[in-house]
Amino acid sequence: MSVIELKNINKYFGTGTAKVHVLHDINFSAAKGDLIVVVGPSGSGKSTFLTIAGGLQTPSSGEVIVEGKPVSELNKKQRDKLRLNQVGFVLQSYSLVPYLRVKEQFEFVRKIKPNGNLGHEELENLLNELGIESLVNKYPGQLSGGQTQRVAIARALYANPEIVLADEPTAALDSARVIEVGKMFKELAERHNKAVVIVTHDTRLMDFADQTYEILDGRMSVRKPTHITNNQFES
Amino acid sequence: MYLALKEIFHEKLRYSLIIAMIVLITYLIFILSGLSTGLAGENTQAIDSWGAKSMVLNKDANVNLNQSLITDRQAEDANLTNREAVIGQAPVVAKHQGSPKESSSFVGIKNDQFIAKNLKIASGHKVHNNRQVVVDDQFKSDGYRIGDKIQLNSLSDKYQIVGFTKDAKLNVAPVIYGTLSAWKQLRGMENTNAFGSAIASKNVNYNANNSQLKKYSIAYFISKLPGYSAQNTTFDFMIGFLMIISLIIIAVFLYILTVQALPTYAVLRAQGIPAAALVRTIMGQSLILMAAGIIIGAALTLLTSRMIPIGVPIAFNVPMLSMISVGLLFMGVVGAAIPARKIATVDPVQVIGG
Ligand SMILES: Nc1ncnc2c1ncn2[C@@H]1O[C@H](COP(=O)(O)OP(=O)(O)O)[C@@H](O)[C@H]1O
Ligand SMILES: [Mg+2]
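Parameters and conventions
- Sequence order sets the numbering: in each chain, residues are counted from 1 along the sequence as written.
- Chains carry letters and ligands carry numbers; both start at the beginning, A for chains and 1 for ligands, and go up in the order they are written.
- Only residues with pLDDT of at least 70 get local features here, since the model is predicted, and only at 80 or more are side-chain atom pairs given and counted; chain-wide, interface and lining totals rely on the full set of residues.
- Derived side-chain values reflect all non-hydrogen atoms in the structure, with water molecules and hydrogen atoms excluded from consideration.
- UniProt positions are given in the numbering used here, feature names are shortened, and annotations may be inferred rather than shown by experiment.
- Side-chain rings of Phe, Tyr and Trp, where Trp is taken by its six-membered ring, are said to pair if the distance between their centres is within 6.5 Å; with planes under 30 degrees apart they count as stacked, over 60 as edge-to-face, and otherwise as tilted.
- Numbering of helices and strands runs from the N terminus, with a helix taken as a DSSP run of H or I at least four residues long and a strand as a DSSP run of E at least two residues long.
- Three labels apply to residues, based on accessible area from a 1.4 Å probe with only protein chains included: buried if under 20% of the type maximum, exposed if over 50%, partly exposed otherwise in between.
- Any two strands with at least two DSSP-identified bridges between them are counted as paired.
- Residues count as neighbours in contact if any of their non-hydrogen atoms are within 4.5 Å of one another.
- Accessible surface is computed with a 1.4 Å probe, and the buried area is the amount of it that two parts give up when combined, taken over both parts together.
- Salt bridges are identified by distance alone: a Lys or Arg side-chain nitrogen within 4 Å of an Asp or Glu carboxyl oxygen.
- Think of a polar contact as two N or O atoms within 3.5 Å of one another; within protein, one of them needs to be a possible hydrogen donor and the other a possible acceptor, and neighboring residues in sequence only count if both atoms come from side chains.
- Gly is put with the polar residues, along with every residue not named as nonpolar or charged; the nonpolar set is Ala, Val, Leu, Ile, Met, Phe, Trp, Tyr, Cys and Pro, and the charged set is Asp, Glu, Lys and Arg.
- Proximity criterion: a residue is near a molecule or strand once any of its heavy atoms comes within 4 Å of it.
- Note on areas: Shrake-Rupley with a 1.4 Å probe; residue coverage comes only from the protein chains shown.
- Helix axes use the C-alpha atoms of the stretch in contact, all axes being lines fitted to C-alpha atoms, and the angles between their N-to-C directions lie in the range 0 to 180 degrees.
- Geometric relationships in this document are graded by angle, where less than 35 degrees denotes roughly parallel, more than 145 denotes roughly antiparallel, 65 to 115 denotes roughly perpendicular, and other angles denote oblique.
- The sense of a crossing depends on the near helix, which, turned anticlockwise from the far helix by less than a right angle, makes the crossing left-handed and, turned clockwise, makes it right-handed.

- An unreviewed UniProt entry lists chain B under the name Putative hemin transport system permease protein HrtB, from Lentilactobacillus diolivorans DSM 14421.
- Under the UniProt heading Subunit (unreviewed entry), the note attached to chain B is "The complex is composed of two ATP-binding proteins (HrtA), two transmembrane proteins (HrtB) and a solute-binding protein."
- Listed in UniProt under the heading Sequence similarities (unreviewed entry), the comment for chain B reads: "Belongs to the ABC-4 integral membrane protein family. HrtB subfamily."

- Chain A is annotated in an unreviewed UniProt entry as Putative hemin import ATP-binding protein HrtA of Lentilactobacillus diolivorans DSM 14421.
- Looking at chain A in UniProt, the text filed under Subcellular location (unreviewed entry) is "Cell membrane".
- In its Function (unreviewed entry) section, the UniProt entry covering chain A states "Part of the ABC transporter complex hrt involved in hemin import. Responsible for energy coupling to the transport system."

### Focus: the packing of aromatic side chains
Residues and elements named next belong to chain A.
Part 1 of the reasoning: Applying the stated criterion across every chain yields a total of seven aromatic pairs over all chains.
Part 2 of the reasoning: With a centroid separation of 5.0 Å and an interplanar angle of 80 degrees, the aromatic rings of Phe28 and Phe49 are classed as edge-to-face. Here Phe28, found in strand β2 (residues 20-31), pairs with Phe49, found in helix α1 (residues 46-53); they are 21 residues apart in sequence, far enough to count as distant. The pair formed by Phe28 and Phe49 is uniform in burial state, with each residue classed as buried.

### Describing the pairing of strand β12 (residues 198-201) of chain B
Residue and element names in this part refer to chain B.
Part 1 of the reasoning: Of the two faces of β12, the one lined by Ala198 and Ala200 and the one lined by Ile199 and Ser201 are each fully buried.
Part 2 of the reasoning: Across four bridges, strand β1 (residues 54-58) lies against β12 in antiparallel orientation. Each bridged residue has a counterpart across the sheet, and for Leu57 the counterpart in β12 is Ala198.
Part 3 of the reasoning: Judged from the four bridges that link them, strand β3 (residues 84-96) and β12 form a sheet pairing that is antiparallel. Counterpart to Val86 in the pairing with β12 is Ile199.

### Quick notes on the interface of chain B and chain A
Part 1 of the reasoning: Counting residues at the interface gives 21 residues for chain B, matched by 24 residues for chain A.
Part 2 of the reasoning: Both sides together, the interface formed by chain B and chain A hides about 2400 Å², and carbon and sulfur atoms give 67% of it.
Part 3 of the reasoning: On the chain B side of the interface with chain A, the three residues burying the most area are Tyr2, Gln271 and Ile352 of chain B, jointly 28% of the side's total.
Part 4 of the reasoning: Applying the counting rule to chain B against chain A returns two salt bridges.
Part 5 of the reasoning: Viewed at the interface, chain A and chain B are joined by seven residue pairs in polar contact (both at pLDDT 80 or more).
Part 6 of the reasoning: Looking at side-chain class alone, the side of chain B that touches chain A contains 13 nonpolar, five polar and three charged residues.

### Notes on the UniProt feature "transmembrane region" (unreviewed entry) in chain B
Residues and elements named next belong to chain B.
Part 1 of the reasoning: Here the UniProt feature "transmembrane region" (unreviewed entry) sits at residues 15-35, 237-262, 282-303 and 315-338.
Part 2 of the reasoning: Helix makes up 100% of residues 15-35 and strand 0%. Its end C-alpha atoms lie 30 Å apart.
Part 3 of the reasoning: Within the segment residues 237-262, helix and strand shares are 100% and 0% respectively, and the terminal C-alpha atoms sit 37 Å apart.

### Things to note about the side chain of Asp136 of chain B
Residue and element names in this part refer to chain B.
Part 1 of the reasoning: Structurally, Asp136 can be placed in strand β6 (residues 132-136).
Part 2 of the reasoning: According to the relative accessible area criterion, Asp136 is buried, its value standing at 1%.
Part 3 of the reasoning: Each residue touching Asp136, except ones within four places of it in the same chain, is listed here: Phe164, Thr165, Lys166, Asp167, Ala168, Lys169, Pro174 and Val175.

### Some details on the site of ligand 1
Residues and elements named next belong to chain A.
Part 1 of the reasoning: Neighbouring residues of ligand 1: Phe13, Val22, Pro41, Ser42, Gly43, Ser44, Gly45, Lys46, Ser47 and Thr48.
Part 2 of the reasoning: Here an oxygen atom of ligand 1 and a backbone polar atom of Ser44 are 3.2 Å apart.
Part 3 of the reasoning: Here an oxygen atom of ligand 1 sits 3.1 Å away from a polar atom, N or O, in the main chain of Gly45.
Part 4 of the reasoning: Taken by itself ligand 1 offers 560 Å² of open surface, and the protein chains cover 59% of this.
Part 5 of the reasoning: Of the residues assigned to the shell around ligand 1, the class counts are three nonpolar, six polar and one charged.

### Brief notes about the packing of helix α4 (residues 120-130) of chain A against helix α5 (residues 145-158) of chain A
Residues and elements named next belong to chain A.
Part 1 of the reasoning: Where α4 meets α5, the closest approach of the two axes is 10 Å, and the angle between their N-to-C directions is 155 degrees. Put simply, α4 runs roughly antiparallel to α5. In this structure, α4 crosses over α5, and the sense of that crossing is right-handed. Here Leu123, Leu126, Leu127 and Leu130 of α4 come into contact with α5, specifically with Arg150, Ala154, Leu157 and Tyr158.
Part 2 of the reasoning: For the contact of α4 with α5, the class distribution of residues is seven nonpolar, no polar and one charged.

### Some thoughts on the pattern of salt bridges
Residue and element names in this part refer to chain A.
Part 1 of the reasoning: Per the stated rule, a full pass over the model turns up 16 salt bridges over all chains.
Part 2 of the reasoning: Where Glu187 meets Arg191, a salt bridge forms, and the shortest distance between an N and an O atom there is 2.9 Å. In this pair, Glu187 and Arg191 both sit in helix α6 (residues 175-191), four residues apart, roughly one turn of the helix.
Part 3 of the reasoning: Looking at Arg191, the relative accessible area reads 54%, which means it is exposed.
Part 4 of the reasoning: A salt bridge links Arg223 to Glu214, with the shortest nitrogen-to-oxygen separation between them at 2.9 Å.
Part 5 of the reasoning: On the basis of relative accessibility, which here comes to 15%, the residue Glu214 falls in the buried class.

Right, here's the structure in full:
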């Protein structure tokens, strides 16, 4: 059963002659336990797709349905709540608050949302799993790129969302790290039973996907698992 | 508040600098306000100590005690009860060998009227004859002693200090209390029909029953003391401007910091952190910075007031300083309003995927 579904999504920016059609009739769904990778070159509409899926932007037409509920029926506050409780974002940069230690990143979430987060032990297990348990007292500025990304993933998972949305999580990582991060997302989907959606221009991540979609000029299609590595779209 | 404090403690140098600016401004405001209160006090202390509610002066004196002269004829129909007291005022220079000259204000009063009756003598005794005076404490700190025979202006007759009284300043000059006869002599009007400079009354509606005389409320009389209003207005303006400067400083700093941190705020919004929580953060920071600045500024002011030499007219009006502090906190809230708006309206989409 899919926890997130996009139905006939279209997105336009601008008006008149400046009007651009960024997403064309997107239909998409993801179920718990799935790792879905959406690949496409820069400017193809990946981030727009992801932000619409996460309720940050509204589509020009079509409907996003999260756990059976149309997002269009939610007001601003309810959408904040949706993102706080049901959707975890992992972003390329700035994901962490620069002046909070790693452990405080979680503490801050707990201040805002006291209930429904991972318990103390679950968090410790997650940190162990991600290999960042020794980093809890460090500030984001003291972490490497790979460590930052793992902390960001832990941060997104801490609030215990059903859906994890990641935008270019492997930007600025070398191949070894990409494989590591890919495995991590795969485990996340399987072991933690999350619906994980990654949008990226990094085709190396396709190896780990249960299903791969491709976006080209705002049109989405299913891509056969071809297992090509080190073949990236130009960015 | 969590984020607010964490950020301040993480960025110690940055926030210390902002607090330092606020400390300097608060300190300046407090000291100016202290000087303002102190100087105002030196203008009015003597008048305040009398407890009069109204003053009757010659109507052509332009509400100036120095310029006012009431004649016996004009005072003919004035009904002087135990709530009225006649004052004869004259600016004088007091001299005594070995002590500095004092530009003073001679105030001649009558022993059987309320000003003399209520005069608080700190040491010595009241005036018993025309050659005795009771003087303000400032004379004491300048080396004058009880028993000293002082010269007033260039009169050959000397006047003996028989007592000291506290807080007797009139228009910033120390007061010499003597008799009305002594006043007449100082003004060179011994054998004239001079009655006094003014009649002070504890009655708000006192009427001296003469068309040449006019009654003024004590507040109006004080506001017309030479230089008094101009001086207060000057201080009020300076304090007002400093308040506005504090507003601009806090607003500009918070704005710059906010703009730098916008990507972080955008991510937090994307993660579903309510805008209200982030707005509270910036408001909290502003209030913390202001409060820290005010507390340190107040401590410095206290320290300064302990070390300031006697004679500098500085006095602290705690309710007024509290009001100023509340005003500064309010400036902090106003100063945070623009950055708060920026945070509340940040679009998370802009930081995602770019
Ligand atoms: N707010 C916007 N206004 C106008 N055009 C936009 C806006 N956001 C994205 N676009 C355009 O939509 C297209 C897709 O952008 P985006 O979703 O960021 O692509 P990707 O993430 O695949 O690089 C680009 O051509 C981009 O210029
Ligand atoms: Mg993008």
